[in-house]
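Each chain, letter by letter, is given below.
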Amino acid sequence: KDAKVPSPPVAPPTLLTLPHCAISRLLLCLDVDSLERLSATCSYFDQMIAGKFLLTMSLPFPVGFIKELMDGDSFDKKPLLKLRCRKTRDEYNTFLDIPDYSEPSSFHKIITSISVEMMDYLLSSQMSLLSLHKLRELDLVPDSVKQEDRLLGQRIMTSYSNFDCSLLHHIYRLGSLRCLTRLDVLVDQHMFLEQFMAEFPNLLELGLNILTRPGLSKHVYLHEYLPRLEAIVAASKAPVLKVTVVAETRRQVNKVFRNNYVKKLVLTGPCTFNVFPVMEQLQEVVVNLETSLLDNNCTYWKSRSDDRGLHRAGLCCVNFGAVYENCPNLERFMGVEVGTVRRWTFNKWNIRMKKKFYDDYLQQGGAKEMKAWAKTRWDSRRPVFPENIGVVN
């Protein structure tokens, strides 16, 4: 008998061997930055992604892009996936071939100096050259929230908000807000975004960057800023909510974040932000706090000056006690596994959680005995939720 000839080895499956329809479905799961990186890996993905879509565009249009339009006889109006408005301060000359004809300008200068009517005309003119019916992502956060080492003043914040509001109105008019899966925006105490929240049914990630006017009065804080912030959080349908506090008026008021869709909450802000989450789908809480100030990182209420090196997990920024019965699916809180503890009475649950958070404190380098730690770094009382929005406890 002739010996059997072994079959050639089967090549392992790769992304390129998948059916085209499967690859197309997978691409829908990637953000635009990932798509851009993938399109640079080979000609197949370059043709499939960059060949069919305009991946990212800045608004107002960069001068180089306008020159490309002027130099060409025609242009291909590909569907745009990501629109960015960074309000950059980088200066440019409008007439590249006649640099002395005009003074250098910047998009920041344009946005903060033109009237609302001219702003609408500018947006309408430029957006007519874009195909937005497949727009996925909108990034409206400025390149910098500082001007000459100081935070943006109210006049500039108002100009930025007017521009962003006008842009959202134009996209809404074209019916493309409903396509958005990621939105990142800078807001102040007026929270202009509230009026648009019902138009984002397909958001996967919402990024709120907060920069309020310093020294808000108690009335403005409690009756304008706080209610609108809580309303935006409640209206969001995005599974991922990222809140970054650039600056806000320091006030000992609890912020109740109610939402039935959020699965991951990421908070970056001061220790005194005071969030009470009420989120039945919430699975993970990530809190990013100041860590570069050595012995003065923690600014939690009434913290001793000699006990500020390590943050108070469970108190700083987000009150962990508030999740009891309000976040039944929570699994991780600031890296601590909390989903394995049964929901007994609050006191029994709190005692077991206290041990977990004390162990985390020791792993971070803490040296206090548990009794001393609990006295200044843990709250065994069940939090009292405000009956109305903005009520001080």
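Whatever comes next refers back to the structure up there.
### Some thoughts on the pattern of salt bridges
Two side chains of opposite charge can pair, provided their charged atoms sit close to one another.
Here's step 1: For the coordinates displayed, the defined rule picks out 16 salt bridges.
Here's step 2: One salt bridge connects Glu-248 with Lys-255, and the closest N-O pair in it is separated by 3.3 Å.
Here's step 3: Lys-255 sits in the buried class, given a relative accessible area of 0%.
Here's step 4: Glu-325 is the salt-bridge partner of Arg-382, the closest N and O atoms lying 2.8 Å from each other. Of the two residues, Arg-382 is situated in the segment after helix H10 (370-377) and Glu-325 in the loop between strand E12 (284-288) and strand E13 (332-333); the sequence distance between them amounts to 57 residues.
Here's step 5: Among the residues examined, Arg-382 registers a relative accessible area of 44% and is labelled partly exposed.
Here's step 6: For Glu-325, a relative accessible area of 53% corresponds to the exposed category.
Here's step 7: If you follow the salt bridges from partner to partner, you end up with Asp-33, Lys-82 and Glu-137 in one network.

### Considering the packing of helix H6 (residues 116-127) against helix H7 (residues 154-173)
Here's step 1: Running from N to C, H6 and H7 cross one another at 45°; their axes reach a closest spacing of 10 Å. By the criterion of interaxial angle, the relationship of H6 to H7 is oblique. In this structure, H6 crosses over H7, and the sense of that crossing is right-handed. Along its contact with H6, which presents Met-119, Asp-120, Leu-123, Ser-124 and Met-127, the element H7 presents Ser-159, Asn-162, Phe-163, Ser-166, Leu-167, His-170, Ile-171 and Arg-173.
Here's step 2: When the residues that make up the contact of H6 with H7 are grouped by side-chain class, the tally is six nonpolar, five polar and two charged.

### Re the sheet that holds strand E6 (residues 182-187)
Here's step 1: Here ten strands make up an open sheet; going across it, the order is E1-E2-E3-E6-E7-E8-E10-E12-E13-E14 and the pairing mixed. A single partner strand is all that each edge strand has here, and the edge strands are strand E1 (54-58) and strand E14 (336-337).
Here's step 2: Direction of pairing for strand E7 (residues 205-211) relative to strand E8 (residues 240-247): parallel, over a ladder of seven bridges. By the bridge assignment, Ile-210 is partnered in E8 with Val-245.

### Some remarks on the side chain of Glu-230
Here's step 1: As for its placement among the helices and strands, Glu-230 is situated in helix H8 (residues 218-235).
Here's step 2: For the buried residue Glu-230, which engages in no salt bridge, the nearest side chain bearing the opposite charge is Arg-258, 7.0 Å off.
Here's step 3: Of note is the side chain of Glu-230, whose polar atom sits 2.7 Å from the backbone nitrogen of Val-256.

### Brief notes about the packing of aromatic side chains
Here's step 1: Applying the stated criterion to the full structure yields 18 aromatic pairs.
Here's step 2: Ring geometry for Phe-320 against Phe-357: centres 4.7 Å apart, planes inclined by 45°, an arrangement best described as tilted. Within this pair, whereas Phe-320 is found in the loop between E12 and E13, its partner Phe-357 is found in helix H9 (residues 346-363), the two being separated by 37 residues in sequence. Judged on exposure class, the residue Phe-320 and its partner Phe-357 are both buried.
Here's step 3: Ring centres of Tyr-324 and Phe-346 lie 5.3 Å apart, and the angle between their planes is 80°; on these two criteria the pair is classed as edge-to-face.

Calculation notes
Residues numbered from 1 in each chain as written. Predicted model: local features only at pLDDT ≥ 70, side-chain atom pairs only at ≥ 80, totals over all residues. Heavy atoms only, no water. Salt bridge = Lys/Arg side-chain N within 4 Å of Asp/Glu carboxyl O. Buried < 20%, exposed > 50% of the residue type's maximum accessible area, 1.4 Å probe, protein only. Helix = DSSP H or I, 4+ residues; strand = E, 2+ residues; numbered from the N terminus. Axes fitted to C-alpha atoms, helices over the stretch in contact; angles between N-to-C directions. Parallel < 35°, antiparallel > 145°, perpendicular 65-115°, else oblique. Left-handed = near helix turned anticlockwise from the far one by under 90°. Contact = heavy atoms within 4.5 Å. Nonpolar A, V, L, I, M, F, W, Y, C, P; charged D, E, K, R; others polar. Pairing = 2+ DSSP bridges. Lys, Arg positive; Asp, Glu negative; His and termini not counted. Polar contact = N/O pair within 3.5 Å; in protein donor to acceptor, adjacent residues only side chain to side chain. Phe/Tyr/Trp six-rings, centres within 6.5 Å; stacked < 30°, edge-to-face > 60°.

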